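Residue-level structure breakdown
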Amino acid sequence: MKRRTGHGPQKGRSGVDECERCLEQMQEMAKIGYWEYDLRSDRLEWSKGCFRIFGLEPDPETPTLEGFLGRISPDDRNRVRTAIVRLLEKPDETCDIAYEIDRPDGSRAAIRSKAHSLHDSVADGVRIKGMMQDVTESKILRERNSEHEALLSHQSRLAQMGQLLNNIAHQWKQPLAEINALLLDMDSDFFHGKLDGKRFEWYFAQFEKLTAFMGETIDGFQEFMTPSETLELFDPARSVEKALSLIDSRLQKHGVAVETDLRDSCRIVGSEKEFVHVLLVLLNNAVDALQNGEAETPKIDIVSRSARFGESILYELFIRDNAGGIPAETVHQMFDPYFTTKFKERGRGIGLYMAKMIVENRMQGRLELLDPVQTTFKLAFRGVE
């Protein structure tokens, strides 16, 4: 009769140990720990991952609930305590909470924890099982990204403000020239004794008309530059008209004709001022391209199209110019931050990037380069009647 060597069970134990080591390594890489709290015994059990997250050496002594709460930052402690009480009081309650902890080395870590309460009515017992993850690195990355987005937005607004001030200067040149001419005529009439009451009233009416136009120009730009965080329902066709009025002098200066077909319209949700900002980015880029291009008759076409899908409407707006297209090697970089095909003094490379962020992140729409050969941009939104 052969004796058993025992190699089978040993090999099985080795496989289990290997799995446990792999699981431990994965938890360490993911910075995850698991824990369980038993209300009857007031016992809190931590995995090695929890001790690692808290910057502590694994302790055979059971960590206490109060000891855990004591390591949470004072600003978050009451909120976490309230969440634990709610888990203990309500059967099958779940919790997903973020908080910060203070480690023994003086560092602070951001933690995200999920937990689920288990109530045993027969044994009159309550347990909470949960996991925690160190999300400090991702929080720092989000904060950096947020700061980066804020900086880009600020730079974009400054660049847009510079362009708008340039537009104001162009808008004011003609009325200022007319006022100057009227003053010369008025001085000549006075010198020759022709400035009677009726003639003076005529001059006054002309001055009043020109200064009113200049005031309206300032009011229009000031309204656009005032930041707005509120969402509203607005007509994109009217926004196109506003954007065109803001760059009218620039269009005239460079002889750019604009043809619009905005019969298909609806209302979309967002900030109209931000949408006008997007339109100005696209339109000013088109004017820049036409200014440097060789088109005999520089032209921008703006066309809208809408189609019904259930209770909502798909609204699309197309902006196209005849400047000669975009080089194929730069198409994939069009919406990258700090990428520009202009001279540095004329462009910072953030306009299209911020326009895409506004359309897709804030207005839940889509902005894309539809045709690089004829330089056609498409904006798409879900709208309502």
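So, on to the overall build of the protein. Looking only at helices and strands, the protein features 10 helices and 12 strands. Looking at the protein as a whole, 37% of its 385 residues are labelled buried. By sequence separation, contacts in the protein at least 24 residues apart represent 63% of the contacts at least 6 residues apart. Taken as a whole, the protein presents about 23600 Å² of accessible surface, with 53% of it coming from carbon and sulfur.

With that settled, consider the confidence of the model for the protein. Detailed reading of predicted coordinates is not advised where the pLDDT is low. Of the residues in the protein, 77% reach a pLDDT of 70 or more, and the chain-wide mean stands at 79. Of all the helices and strands in the protein, helix 1 (residues 7-30) carries the lowest mean pLDDT, 60, while strand 7 (residues 257-261) carries the highest, 94.

What follows covers the packing of aromatic side chains. The description of an aromatic ring pair rests on the distance of the ring centres and on the angle between the ring planes. Under the definition given, this model contains eight aromatic pairs. Measuring from centroid to centroid gives 6.3 Å for Phe-68 and Tyr-99, while their planes differ by 85°, and the two rings are edge-to-face. In this pair, Phe-68 is assigned in helix 3 (residues 65-70) and Tyr-99 in strand 3 (residues 94-102), connecting sequence segments 31 residues apart. Here the two residues Phe-68 and Tyr-99 agree in accessibility, since each one is buried. Considering the side-chain rings of Trp-202 and Tyr-203, the 5.2 Å spacing of their centres and the 75° angle between planes classify their relative orientation as edge-to-face. With relative accessibility at 1%, the residue Tyr-203 sits in the buried group. Positioned over the ring face of Trp-202 is Arg-199, at 4.9 Å from the centre of the ring.

What follows covers helix 10 (residues 351-362). In a regular helix each residue adds 1.5 Å, so 12 residues correspond to 16 Å; helix 10 covers 16 Å between its end C-alpha atoms and thus fits that length. All of the buried residues along helix 10 are Leu-352, Tyr-353, Met-354, Ala-355, Ile-358 and Val-359. Two residues or fewer after helix 10 comes Gln-364, characterised by a positive phi angle close to 55°.

Positioned with a positive phi, Gln-364 is a non-glycine residue whose angle comes to about 55°. Its relative accessible area of 60% is what places Gln-364 among the exposed residues. Although it is not a glycine, Thr-375 adopts a positive phi angle of roughly 45°. The class of Thr-375 is buried, set by a relative accessible area of 7%.

Here the focus is the pattern of salt bridges. Any two side chains of opposite charge can pair, on the condition that their charged atoms come close. Using the criterion set out here, one finds 25 salt bridges in the structure. Put simply, Glu-93 and Arg-86 hold a salt bridge, and the shortest N to O gap is 3.5 Å. Its relative accessible area of 34% is what places Arg-86 among the partly exposed residues. Here Asp-301 and Lys-299 are joined by a salt bridge, their closest N and O atoms 3.6 Å apart. With a relative accessible area of 14%, Asp-301 lands in the buried category. Taking relative accessible area as the criterion, Lys-299 reaches 27% and is therefore assigned partly exposed. What you see here is one network of salt bridges that share partners, running through Arg-305, Glu-316, Arg-366, Glu-368 and Lys-378.

Locating Asn-285 in the fold gives a position in helix 9 (residues 272-292). Look at Asn-285 and you get partly exposed, because its relative accessible area is 24%. For the pair Asn-285 and Leu-352, spaced 67 residues apart in sequence, the C-alpha to C-alpha distance is 9.0 Å.

What follows is about helix 4 (residues 74-89). The first and last C-alpha atoms of helix 4 sit 24 Å apart over 16 residues, in line with the 22 Å expected at 1.5 Å per residue. Within helix 4, burial applies to Asp-76, Val-80, Ala-83, Ile-84, Leu-87 and Leu-88. Buried residues of helix 4, seen end-on, are gathered within an arc of 135° and therefore sit on one face of the element. Residues of helix 4 that are exposed and point more than 90 degrees away from the buried face comprise Pro-74, Asn-78 and Glu-89.

Mapping Thr-330 onto the fold places it in the loop between strand 10 (312-321) and helix 10. Since its relative accessible area comes to 12%, Thr-330 is described here as buried. For Thr-330, the side chain forms a polar contact with the main-chain oxygen of Pro-327, separated by 2.9 Å.

Here we take up the nonpolar core. The biggest cluster of nonpolar side chains holds 43 residues, and the ones touching the most others in it are Ile-300, Ile-302, Leu-317 and Leu-379. Counting residues per element, the ones that place at least two in this core are helix 7 (236-246), helix 9, strand 9 (299-309), strand 10, helix 10, strand 11 (366-371) and strand 12 (376-384). Tallying contributions element by element places helix 9 first for this core, with 11 residues. Excluding residues within four positions of it along the chain, Leu-317 makes contact with Val-240, Leu-262, Phe-275, Leu-279, Ile-302, Val-303, Ser-304, Phe-377, Lys-378 and Leu-379. Counting residues in hydrophobic clusters, the runner-up holds 27 residues, among them Trp-46, Phe-68, Ala-115 and Met-132.

How each quantity is defined
- Residues numbered from 1 in each chain as written.
- Predicted model: local features only at pLDDT ≥ 70, side-chain atom pairs only at ≥ 80, totals over all residues.
- Heavy atoms only, no water.
- Helix = DSSP H or I, 4+ residues; strand = E, 2+ residues; numbered from the N terminus.
- Buried < 20%, exposed > 50% of the residue type's maximum accessible area, 1.4 Å probe, protein only.
- Contact = heavy atoms within 4.5 Å.
- Areas by Shrake-Rupley, 256 points an atom, 1.4 Å probe, with all protein chains shown as cover.
- pLDDT = per-residue confidence, 0-100.
- Phe/Tyr/Trp six-rings, centres within 6.5 Å; stacked < 30°, edge-to-face > 60°.
- Lys NZ or Arg CZ within 6 Å of the ring centre and 35° of its normal.
- Expected span 1.5 Å × (residues − 1).
- Salt bridge = Lys/Arg side-chain N within 4 Å of Asp/Glu carboxyl O.
- Arc of directions from axis to C-beta.
- Polar contact = N/O pair within 3.5 Å; in protein donor to acceptor, adjacent residues only side chain to side chain.
- Core = buried A, V, L, I, M, F, W, Y, C linked by side-chain atoms within 4.5 Å.

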